[in-house]
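Tertiary structure, described
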Amino acid sequence: MKSKELSVDLRDRIVSRHKSGEGYRKISAALKVPMSTVASIICKWKKFETTRTLPRAGRPSKLSDWGRRALVREVSKLQRSSVERGEPSRRTTISAAIDQSGLYGRVARRKALLKSHFSPKNIAARLQFAKDHVDKPEGYWKNVLWTDETKIELFGLNEKRYVWRKENTAFQHKNLIPSVKHGGGSIMVWACCAASGPGRLAFIDGTMNSELYQRILKENVRTSVHELNLKRRWVMQQDNDPQHTSRSTKEWLKKNKVNVLEWPSQSPDLNPIEMLWKDLKRAVHVRKPTNIPELKLFCTEEWAKIPPSRCSEMSRSYRKRLVVVIGGHSRY
C-alpha cells in the first residue's frame, strides 16, 4: 500500500537535525520516521537542495488528444446504452465489467485469414519448417537473402479520419475527404534484404509472370548479394507464388546456381521483409505522393533510408519467430 507523504514541515525538521550533526538512527527515533525515509529525504535534499515535492514528469500518455476524445465518446455511448436498458452506468461499474471479462487494452494485430492458411497441410509444413530450422546458428540467417513483392497504393494506408462538425453538415466541402476510385493507382514492388541491410528494389511493370520474375532476379539478386556482402554459401528465400515455382524459374535458378530456401506456403509472417514493407509504406505515406512517378521516387528514396541496424535486429530475433510457430500462432 502506498504510504502517506510526509509534510513539508517534518521534512524540513529532518534536514535541520541532519545539519546539526544528528545521525539517521537518532533522527528516526526522535521524529518516529522510518530510517530509510530519513535517508531518502536527506539524499534528495543533498541532490536538489530542497525538501519540496518536485514536479513529476510521469510516463508519457500513449493516447493522443484525438484518441482521448474518441475514447470519451465511446464510453459515453456505452453509458447512454446502459441507461436506456435500465442498468448501472457508473464508470467504476463499466471498468469492473471489462476487468472481469479478462480483456486488456492492446493494439490489434493484422493478420491474413485465408482458409488455406489453416489447412492441416499448411500447418504441418510451417511446423516442420520451424523444427528443421530452429537450431540453425545466427550466422545461417545472416546469409539469407529475403525477397518479396508488395503493392503500394498511391493514396495508401486506409486510415479513418475524423472531423468535428455540426448536425446536417456531413456533406459540406470542408467536412469531406477526397477519395479516388481504386486508390488513385498503385505500383507493384519487388525487393530483397539481408541481415546486413536492404538490397535492391525493383518496380514490376505489367503482369508478373515467370519471364518477368526471372529478369528481376537476373538484374537484382547477384548485385544485392555482392553489395550486402553475403558469404559464398548464401541462400535465397522466396514464397510459393506460381511464377516463383514454375518449371522455367526452377531451371533458371538451377542454371544460375541459386540455392533456394524451402518455404512453407501461406507464411508471410516468417519473412522479416514484411516488417520493412510496413516501414516503407508508412514513410511514403507521410510524404503524400500525388502521382505514380512521385510514388516510385519516394519508394526508392525511403527504401534506401532503411538503416542496416533494422535488418540486423530482424536477423537476430529470427529464432524467436520459429519458437513461436512451434508453440502456436506466430505473433509477427
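Attention in this report is confined to the structure presented alongside it.

Thresholds applied
Residues numbered from 1 in each chain as written. Predicted model: local features only at pLDDT ≥ 70, side-chain atom pairs only at ≥ 80, totals over all residues. Heavy atoms only, no water. Pairing = 2+ DSSP bridges. Helix = DSSP H or I, 4+ residues; strand = E, 2+ residues; numbered from the N terminus. Contact = heavy atoms within 4.5 Å. Axes fitted to C-alpha atoms, helices over the stretch in contact; angles between N-to-C directions. Expected span 1.5 Å × (residues − 1). Bend = angle between axes of the 7 residues up to and from the residue. Buried < 20%, exposed > 50% of the residue type's maximum accessible area, 1.4 Å probe, protein only. Core = buried A, V, L, I, M, F, W, Y, C linked by side-chain atoms within 4.5 Å. Salt bridge = Lys/Arg side-chain N within 4 Å of Asp/Glu carboxyl O. Parallel < 35°, antiparallel > 145°, perpendicular 65-115°, else oblique. Left-handed = near helix turned anticlockwise from the far one by under 90°. Nonpolar A, V, L, I, M, F, W, Y, C, P; charged D, E, K, R; others polar.

**Brief notes about the sheet that holds strand 2 (residues 186-194)**
Pairing within the open sheet is mixed, and its five strands lie in the order 3-2-1-4-5. Each edge of the open sheet is held by one strand with a lone partner, namely strand 3 (197-204) and strand 5 (260-261). Pairing geometry for strand 1 (residues 144-153) and strand 2, over eight bridges, is antiparallel. Looking at the pairing, aspartate 148 lines up with alanine 191 of strand 2. Those strands touched by helix 8 (residues 210-227) are strand 1, strand 2, strand 3 and strand 4 (235-237), and its axis lies near 160 degrees from that of strand 3. Strands strand 1, strand 2 and strand 3 of the sheet are contacted by helix 12 (residues 292-305), whose axis makes an angle of about 165 degrees with strand 3.

**Some points on helix 8**
With 18 residues, helix 8 should reach 26 Å at 1.5 Å per residue; the first-to-last C-alpha distance of 25 Å fits that figure. At leucine 217, helix 8 shows its largest kink, close to 30 degrees. Those residues of helix 8 that sit buried are Ser210, Leu212, Tyr213, Gln214, Ile216, Leu217, Asn220, Val221, Ser224 and Val225. Against the buried residues of helix 8 lie strand 1, strand 2, strand 3, strand 4, helix 9 (242-245) and helix 10 (247-255). Asparagine 229 sits one or two residues past helix 8 and shows a positive phi near 60 degrees.

**Overview of the nonpolar core**
By size, the foremost hydrophobic cluster in this structure holds 32 residues, and its most contacted members are Trp146, Leu276, Trp303, Tyr318 and Leu322. Residue assignment for this core shows that the elements contributing at least two residues are helix 6 (120-133), strand 1, strand 2, helix 11 (273-287), helix 12, helix 13 (308-316) and helix 14 (318-327). In terms of residue count, the dominant contributor to this core is helix 11 (five residues). Counting 20 residues, the second-largest nonpolar core is a separate cluster that includes Ala194, Val221, Met236 and Trp252.

**A look at the pairing of strand 2**
Burial analysis of strand 2 places seven of its nine residues in the buried class, the great majority of the element. Sheet topology places strand 2 next to strand 3; six bridges connect them, and they run antiparallel. By the bridge assignment for strand 3, cysteine 193 is matched with proline 198. Between strand 2 and strand 3, which pair antiparallel in sequence order, lie two residues.

**Here we look at the side chain of glutamine 243**
With respect to the helices, strands and loops of the structure, glutamine 243 is situated in helix 9. Residue contacts for glutamine 243: discarding those within four places in its chain leaves Glu149, Met208, Asn209, Ser210, Tyr213 and Thr249.

**Let's talk about the pattern of salt bridges**
Counted under the stated rule, the structure contains 14 salt bridges. The salt bridge partner of lysine 142 is glutamate 138, with a shortest N-O separation of 3.8 Å. In this pair, lysine 142 and glutamate 138 both sit in helix 7 (residues 138-142), four residues apart, roughly one turn of the helix. With a shortest N-O distance of 3.0 Å, glutamate 302 and arginine 287 are connected by a salt bridge. With a gap of 15 residues between them, glutamate 302 in helix 12 and arginine 287 in helix 11 connect regions that are remote in the sequence.

**Points about the packing of helix 1 (residues 8-19) against helix 2 (residues 24-31)**
One way to put it is that helix 1 packs onto helix 2 with a least axis distance of 10 Å and a crossing angle of 140 degrees. With respect to their mutual orientation, helix 1 and helix 2 come out oblique. Regarding helix 1 and helix 2, the two cross each other, and that crossing is right-handed. Taken together, the residues of helix 2 that come into contact with helix 1 (itself represented by Leu10, Arg13, Ile14, Arg17 and His18) are Tyr24, Ile27, Ala30 and Leu31. Across the contact of helix 1 with helix 2, the residue classes break down as six nonpolar, one polar and two charged.

**Focus on the packing of helix 1 against helix 3 (residues 35-48)**
Packing of helix 1 against helix 3 brings their axes to within 10 Å, and their N-to-C directions diverge by 80 degrees. Taken together, the axes of helix 1 and helix 3 lie roughly perpendicular to each other. For the pair formed by helix 1 and helix 3, the contact residues are Arg11, Ile14, Val15, His18 and Lys19 on the first element and Val38, Ile41, Ile42, Lys44, Trp45 and Lys46 on the second. A breakdown of the residues in the contact of helix 1 with helix 3 according to their chemical character gives six nonpolar, one polar and four charged.

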